[in-house]
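Okay, here's what each chain looks like letter by letter:
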Amino acid sequence: MTQDAPWWKSGIIYQIYPRSFQDSTGSGMGDLNGITSRLPHVADLGADAIWISPIYPSPMKDGGYDISDYTGIEPLFGTLDDFDRLTDEAHRLGLKVLLDFVPAHSSDEHPWFQDSRSARDSGKRDWYIWHDAAPDGGPPNNWISEFGGPAWTWDDTTGQYYLHIYAREQPALNWRNPDVADAMLKAMETWYERGVDGFRVDAVEHLTPDARLRDNPTNPDWHPKDGPARSLFRTFTSHQADLFAHVRAMRSVAEKHGRKLLVGEAYGNLDEVMLYYGANLDGFQLPFNFELINAPWHPRGIADFIDRYEAVIPPGGWPNWVLGNHDRDRIATRVGNGQSRVAKMLLLTLRGTPTMWQGDEIGMLNEAVPDHMLQDPWAINNPGTGIGRDPVRVPLPWDDTHGRGFTTGQPFLPLSTVPSVAEQDGDPASMLSFVRALIALRRAEPALSFGSYERLHADNGVLAYARTAEGKRLAVALNFTDAPQPLPVRGKVLLSTIHDRDLAAVDELRPDEGVILEP
Ligand code: GLC
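What counts and what doesn't
- Residues numbered from 1 in each chain as written.
- Predicted model: local features only at pLDDT ≥ 70, side-chain atom pairs only at ≥ 80, totals over all residues.
- Heavy atoms only, no water.
- Helix = DSSP H or I, 4+ residues; strand = E, 2+ residues; numbered from the N terminus.
- Rg over C-alpha atoms; globule rule 2.2 N^0.38 Å.
- Buried < 20%, exposed > 50% of the residue type's maximum accessible area, 1.4 Å probe, protein only.
- Areas by Shrake-Rupley, 256 points an atom, 1.4 Å probe, with all protein chains shown as cover.
- Lys, Arg positive; Asp, Glu negative; His and termini not counted.
- Charge placed at Lys NZ, Arg CZ, Asp CG, Glu CD.
- Pairing = 2+ DSSP bridges.
- Phe/Tyr/Trp six-rings, centres within 6.5 Å; stacked < 30°, edge-to-face > 60°.
- Lys NZ or Arg CZ within 6 Å of the ring centre and 35° of its normal.
- Near = heavy atom within 4 Å.
- Polar contact = N/O pair within 3.5 Å; in protein donor to acceptor, adjacent residues only side chain to side chain.
- Expected span 1.5 Å × (residues − 1).
- Arc of directions from axis to C-beta.
- Contact = heavy atoms within 4.5 Å.
- Core = buried A, V, L, I, M, F, W, Y, C linked by side-chain atoms within 4.5 Å.
- Salt bridge = Lys/Arg side-chain N within 4 Å of Asp/Glu carboxyl O.
- Axes fitted to C-alpha atoms, helices over the stretch in contact; angles between N-to-C directions.
- Parallel < 35°, antiparallel > 145°, perpendicular 65-115°, else oblique.
- Left-handed = near helix turned anticlockwise from the far one by under 90°.
- Nonpolar A, V, L, I, M, F, W, Y, C, P; charged D, E, K, R; others polar.

S.K.: So what exactly am I meant to see when it comes to the overall build of the chain here?
M.R.: Along its length, the chain carries 15 helices and 18 strands. Its C-alpha atoms give the chain a radius of gyration of 23 Å, near enough to 24 Å, the size a compact globule of 519 residues would have. Its C-alpha atoms give the chain principal-axis dimensions of roughly 75 × 50 × 50 Å. Relative to its 519 residues, the chain shows a buried fraction of 61%. As presented, the chain carries roughly 19,400 Å² of accessible surface, and 50% of it is formed by carbon and sulfur atoms. Averaging the coordinates of the 48 positive side-chain charges in the chain and doing the same for the 72 negative ones gives two points 4 Å apart.

S.K.: Sorry if this is basic, but what is going on with the sheet that holds strand 4 (residues 130–131) here?
M.R.: Through backbone hydrogen bonds, the strands of a sheet pair up, either in parallel or in antiparallel fashion. Strands sit in the order 4-6-5 across an open sheet of three strands; the sheet is antiparallel. Two strands in the sheet have a free side with no partner beyond their single neighbour: strand 4 and strand 5 (152–155).

S.K.: In this structure, what is going on with the packing of aromatic side chains? I would like to understand it.
M.R.: Remark: the centre distance and the inter-plane angle together describe each pair of aromatic rings, the angle taken between the planes. Counted according to the given criterion, the structure contains 27 aromatic pairs. Ring geometry for Tyr-276 against Phe-284: centres 6.3 Å apart, planes inclined by 0°, an arrangement best described as stacked. Of the two residues, Tyr-276 and Phe-284, both sit in the buried class. Taking 5.1 Å as the distance between ring centres and 40° as the angle between the ring planes, the aromatic pair formed by Phe-288 and Phe-290 counts as tilted. On the basis of relative accessible area, Phe-288 is assigned to the buried category, the value being 3%. An aromatic cluster of three or more residues is present, and its members are Tyr-70, Phe-101, Trp-112, Trp-127, Tyr-192 and Phe-199. Above the plane of the ring of Trp-127 lies Lys-124, whose end atom (NZ or CZ) is 4.6 Å from the centre. Across from the ring centre of Trp-130, 3.7 Å away, lies the NZ or CZ of Arg-125, which sits over that ring.

S.K.: What's the story with the site of the ligand in this structure? I'm lost.
M.R.: Around the ligand, the structure places 14 residues, and the nearest of them are Asp-62, His-105, Asp-202, His-326 and Asp-327. The contact in question runs from an oxygen atom of the ligand to an N or O atom on the side chain of Arg-200, over 2.9 Å. Within the contact set of the ligand, an oxygen atom lies 2.9 Å away from a side-chain nitrogen or oxygen of His-326. Protein contact buries 96% of the 310 Å² of open area that the ligand shows by itself.

S.K.: Would you mind going over helix 3 (residues 80–92) with me for this structure?
M.R.: Side chains three or four residues apart in an α-helix point the same way, a direct result of the helix having 3.6 residues per turn. Over its 13 residues, helix 3 runs 18 Å from end to end, which matches the ideal 18 Å to within 8%, given 1.5 Å per residue. Along helix 3, the residues that are buried comprise Asp-82, Phe-83, Leu-86, Thr-87, Glu-89 and Ala-90. What you see down the axis of helix 3 is that its buried residues fit within an arc of 165°, all on one side. Along helix 3, exposed side chains directed more than 90 degrees from the buried face belong to Asp-81, Asp-88 and Arg-92. Where helix 3 is buried, its residues meet helix 2 (32–45), strand 2 (49–52), strand 3 (96–101) and helix 5 (178–193). The first or second residue beyond helix 3 is Gly-94, which carries a positive phi of 85°.

S.K.: How should I be thinking about the nonpolar core in this particular structure?
M.R.: The tendency in soluble globular proteins is for nonpolar side chains to be buried side by side. Formed by 134 residues in total, the largest nonpolar core has its most connected members in Phe-199 and Leu-346. No other element matches the eight residues that helix 5 contributes to this core. Sequence-distant contacts of Leu-346, defined by excluding residues within four places in its chain, comprise Leu-292, Trp-297, Ile-302, Leu-463, Tyr-465, Leu-478 and Phe-480. One finds Trp-152, Leu-163, Ala-167 and Ala-172 within the second-largest nonpolar core, a separate group that totals 14 residues.

S.K.: When you look at the pattern of salt bridges in this model, what are you seeing that I'm missing?
M.R.: A side chain of one charge can pair with a side chain of the opposite charge when the charged atoms of the two come close. A complete count under the given rule lists 29 salt bridges for this structure. The partner of Arg-194 in a salt bridge is Asp-84, with the nearest N and O atoms 2.9 Å apart. Here Arg-194 is found in the loop between helix 5 and strand 7 (198–201), whereas its partner Asp-84 is found in helix 3, with 110 residues between them in sequence. A residue is classified by how much of its surface remains accessible, and Arg-194, at 31% relative accessible area, is partly exposed. Ionic pairing is found between Arg-389 and Asp-376, a salt bridge with its closest N-O pair at 2.8 Å. In this pair, Arg-389 is assigned in the loop between helix 12 (377–381) and helix 13 (421–424) and Asp-376 in the loop between strand 11 (353–357) and helix 12, connecting sequence segments 13 residues apart. With relative accessibility at 1%, the residue Asp-376 sits in the buried group. Bridged by salt links that share partners, the residues Asp-62, Asp-327, Asp-376, Arg-389 and Arg-393 form one connected network.

S.K.: Could you clarify how one ought to interpret the packing of helix 5 against helix 6 (residues 244–256) in this entry?
M.R.: The description of two helices packed together rests on the angle between their axes and the distance between the axes. Orientation of helix 5 relative to helix 6, taken along the N-to-C sense of each, is 30°, at an axis distance of 10 Å. Judged by the angle between their axes, helix 5 and helix 6 are roughly parallel. Between helix 5 and helix 6 lies a crossing whose hand is right-handed. Side by side, helix 5 and helix 6 meet where Ala-181, Leu-185, Met-188, Glu-189 and Tyr-192 of the first sit next to His-246, Ala-249, Met-250, Val-253, Ala-254 and Lys-256 of the second. For the contact of helix 5 with helix 6, a count of residues per class yields eight nonpolar, one polar and two charged.

Put into structure tokens, the structure is as follows:
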């Protein structure tokens, strides 16, 4: 299978959040030319593809996930010419380019919505989801926005409510109207024709909320720290049966343009996530597997999940793993700096395509963001709760000049406190050097990318597994604790998370140590 496998099976995807990657103009916010100038960093790391969070025209009420033109470029980020240069440079460096596609909602400033809200008989009225008030004048049902508050906003002009699963500035598109589906698929085609290699498809579980608008049931185990939206189960807003036809349609457009890659974002349980592969593997090639983001940091629990996941992937389907993204706590904050090396070894040696979040390669942390700098509507709608995603989205620190090499202006979010890329580069003890070495080993050893997976050991301290391909077997042993642990499998050690480790003398796992070895 290694011979003609598509690139993404052995590939590593690197997520770029354009606002925080590199500013080239002094605006304080990142942009496309900034990304282009930093592509060598991604290529040197050993990644195979970049996925860029939305770069389309946007009022930026949700960091670009509120789109007012699906085929343009946000002027803050640059121009279509800048985008073409970015793509050319990425391809020259051997990197594929994946864009973010946000099908479930547009911005309220999209001309389609402006038209839709102008009159009940507008030709675009049915492109969004409008409904009369409940008899008491309130919203049509009990659905709660993912960012808190009702999922419905009253519009005076036409005297109806419109649905928005996220912010009120993100009205839900009505995919049951074939014209909407057509227009959105055409937008995808435009980008394929411009040379993109695929998409990460955003919040796709929300594509076709229940047509009968039934109330969602209450969640008896809800805790306020999870945010208001989790107080209800998403029974009638997520994973509705008729959305999968649209997933298949996206896939056939992708195939038509030369086997482009679709990565799907659909938060759900294992059975729900599996649906997105499609009954005949005609859905997304990679429906995101978010377990490592959610799971308690415990070797036995993670080992059990790996077994369950491996067991339910449909025949011919390919696994994938994610450790962090622009929506979730930084891994180094969640599990600590020492364990975050172990976590990266896990991410990059499990069977399946890994997606890396920008800055995790240098151990970036959640950073404190003062109220006056908050950008995230989720944080702004839930003051005083600590909820919000700005802390994981602060700019990458490239060097130690003013603005840490990110900007010559005033950064739109506070600067990171971790050692910069420049400082870590060439320091053999740094996180960056470790991640580069780990990826280099992964690229050199087919067992680590294509190999079969076999659990060797899992207890309260250590997880160990074997990966085998082309007759070669490697083992990975990970100490999830800050105490020494017995090494459950012996052999020639090829890499340790501890940089100055004498690899010939590893007879136990040190605190926070992971090793890759040849038994
Ligand atoms: C996805 C994105 C998130 C965004 C939401 C609405 O979950 O990852 O950042 O807020 O969709 O588009």
